[in-house]
Amino acid sequence: MTKIIYKFIVLFNCKYIQFEYIDKTFILSVYIEFMNRNEITTLLNFVDKTRLLFNKKITNNTVDSEWRIFSYVIRNHLDNKIITTTSIIQSSGLPFATGLRRVNKLIKEKKLIQRVKTKSGKSFSIHPSSELIKEFTLYLSSIKSEIASSLGFGELNDSYYFGMSLSAGNIIPSPKVFINTSNRFKKISILSNDNPTFKVINNNLDFFEYILDCKVEHIIENDLKKLLNLIIKNSEKKKKSKFDIVGFNLPWVGQLANLNTLLPLDDYIDSSGFNLRDFHFSAIRSSSYNNKLFGVPIETIPDLLFYRKDIFEKYGLSPPKKFDDLLAACEILKKSNEIESPISWPARKGQPLATSFILMMANFGKPYVNLRHIGENTYDLDTQKIVIKTNFLSEAAFKAAKVLKSLIPYSPTDLSLQSNDECVEYYSKGKSAMVMNWSSRAHQFELNKNSPAFKNSGYLPRPAGIEPFQVSPIGGFSLGIPSNILNDKIPFVMKTIQSLVSPEIIKYYIEHGSLSSPVFSVANDPEVRTLSPIFNELDKMERDERFVEWARYPLPSYSKIIEQVGNELFEFLFLNKDLQTTLEQCQKSASRLLD
């Protein structure tokens, strides 16, 4: 594919404008200095709703055509979706003839531009002009600035992220007691695994029973495969669900939704007063499938590179932003004999190794399935218009497998036995200078004064294989409600979930050993930030859009594919099986599971 990119700096309030010519399609992007793509979308939603309310309550006029047109084209531009004259007219709410005149007028005013789609020149796509994008984003930025100023933030202070809780930047108080007014429901049953956040709940059941004003039955299943099967088996019961809340691994959402295991939560969220805007965008999107929300994030964790700042400084090494840099650092550290192994990472057969592999594929620019590339490091999660295929025979897959192989000489001798906990423990004991793992496991050294890594660790997104894919796939757990729960118990359960993910309780999890926050407001609490530098780093990475959901796209067959791929890759890495044969087998096995 021929791709020519022209970039130049715009001095007036913008980082840059980017022009791309891809397959005869002209794309233009403007990025405002203090807003990323997610925040612009949130502001658009906010203004859409306020204008709609004004029209309904004040003017009794539901047609706000010009705003509708601009909002529509900017949204679709951000998602790199084709816009046509007909689709713009439909979005405007105007009669066709009137809408056509309006579109032509905007083209004449150079608010919109036409690009030829076909060789005949008879078909056009419509795009927002550079001037419209600049004016529109500056308008949204000014709204954000006014709101930030009203809340006590500086007008251009990027510590304010639009939508965050009013408690952001302030010290979040102790958890408040939930008053259970139900006469029928005096017990809540929760099924989860043993991730750090759930360990805090399990170790402090008396506290949670006091806060929730009910008996808490917490069932923990350590094995992820068994947990998934238990969630599915529970939903098959003809009678009521055994559990009220299930904590599910984010990549399972497609499978669980496809099996009607979980209750769609959108309607209940709206009626219960949740502030979903305070949650990280990546966490909400990763808890959704086919534009429906099936869980509320309780533990949002990116996969990061942890590294020993003291050791890197000692040997004059820069923090590795690319895998070439990482391998070069490994070679120097191996020769130094400072530590047992330069790096550790999950390589146990099955799911741990497969996860390392598909995350590495993401750093080489490809998801494991053929999602549509939107631009930069972003892929479209809407798969309804494409035939899903896996990418295990892509160039990214070959490069990812080769990089993992090249890391083995710099890794622990028992690498093939290490899963997430083991390799972070290895790093925590000072046996490696780097580890690639989920952020929540940083508690093993950040809260352990006896660890050589204590207060000596730096955090980066996973190194890029190619530009601009220095990104960290998002992981973690969300709280869902089984689809076969009693209908009249749903409001009680929703209130319980709301309490379990409230800023006050999230802060409690952190103070008791879980270094994870799915919400902006908690990460901005001064007391939380003093506990570990990881929160400052995570907040910055989220704003820089370094967290991606597409790396572990939640196919309904995800868990089966990942297990099979992990078994196949193990033979290449540790039993010297041919790489071409290995990846062909991965592709073949995955294709069968997709059918």
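Since this is a predicted model, take the numbers as computed values, not measurements.

(A) Focus on the packing of aromatic side chains. A complete count under the given rule lists 20 aromatic pairs for this structure. One aromatic cluster is present, formed by F207, F208, Y508 and Y509 through successive ring pairs. The ring of F572 has K405 sitting right over it, with the charged end atom 4.9 Å from the ring centre.

(B) Broad picture of the nonpolar core. One finds W345, F357 and F392 to be the most contacted residues of the largest nonpolar core, which totals 138 residues. Those residues in contact with F357 that sit more than four places away from it in its chain are F392, A397, A400, A401, L404, V565, L569 and L583.

(C) Summary view of the pairing of strand β6 (residues 187-192). The element β6 is largely enclosed, with a buried count of five among its six residues. With six bridges connecting them, β6 and strand β7 (residues 215-220) associate as parallel partners. When the sheet's bridge partners are listed, S189 is paired in β7 with E217. Bridging between β6 and strand β8 (residues 245-249) involves two bridges; their strand directions are parallel. For I190, the partnering residue across the bridge sits in β8 and is I245.

(D) Just the side chain of E299, in detail. For E299, the position within the fold is in strand β11 (residues 296-308). One buried charge, E299, has no salt-bridge partner; the nearest side chain with opposite charge is R441, at 6.1 Å. Looking at E299, its side chain comes within polar contact range of the side chain of N195, at 2.5 Å. Sequence-distant contacts of E299, defined by excluding residues within four places in its chain, comprise N195, P196, T197, S440, G475, G476, F477, S514 and S516.

(E) Here's a closer look at the environment of K507. Here K507 shows up in helix α19 (residues 503-511). The exposure class of K507 is buried, given its relative accessible area of 3%. Along the sequence, K507 and A523 sit 16 residues apart, while their C-alpha atoms lie 8.7 Å from each other. Every residue in contact with K507, bar those within four places of it in the chain, is listed here: I171, I172, V522, D525, E527 and V528.

Cut-off values and rules
Starting from 1, residues in each chain are numbered consecutively following that chain's sequence as written. With the structure being a predicted model, the display of local features is reserved for residues of pLDDT at least 70 and the display and counting of side-chain atom pairs for 80 or more, all residues being used for whole-chain, interface and lining totals. For side-chain calculations, the full set of non-hydrogen atoms in the structure is used, while hydrogens and water are omitted. Ring pairs shown here join Phe, Tyr and Trp side chains whose ring centres sit within 6.5 Å, with only the six-membered ring taken for Trp; geometry is labelled stacked below 30 degrees between planes, edge-to-face above 60, and tilted in between. A ring has a charge above it when a Lys NZ or an Arg CZ is no more than 6 Å from the ring centre and no more than 35 degrees off the ring normal. Definition used in this section: a nonpolar core is a set of buried Ala, Val, Leu, Ile, Met, Phe, Trp, Tyr and Cys residues joined via side-chain atoms within 4.5 Å. Think of it in three bands: with a 1.4 Å probe and only protein chains considered, a residue is buried below 20% of the maximum accessible area for its type, exposed above 50%, and partly exposed in between. Here, residues are in contact when the closest pair of their heavy atoms is within 4.5 Å. Think of it this way: any DSSP run of H or I at least four residues long counts as a helix, any run of E at least two long counts as a strand, and we number them from the N terminus. A strand pair is defined by DSSP finding two or more bridges across the two strands. Charge counting follows a simple rule: Lys and Arg are positive, Asp and Glu are negative, and His as well as the terminal groups are ignored. Salt bridge criterion: a side-chain nitrogen from Lys or Arg within 4 Å of a carboxyl oxygen from Asp or Glu. Any pair of nitrogen or oxygen atoms within 3.5 Å is treated as a polar contact; in protein, a donor-acceptor pairing is required on top of that, and neighbouring residues in sequence qualify only through side-chain atoms on both sides.

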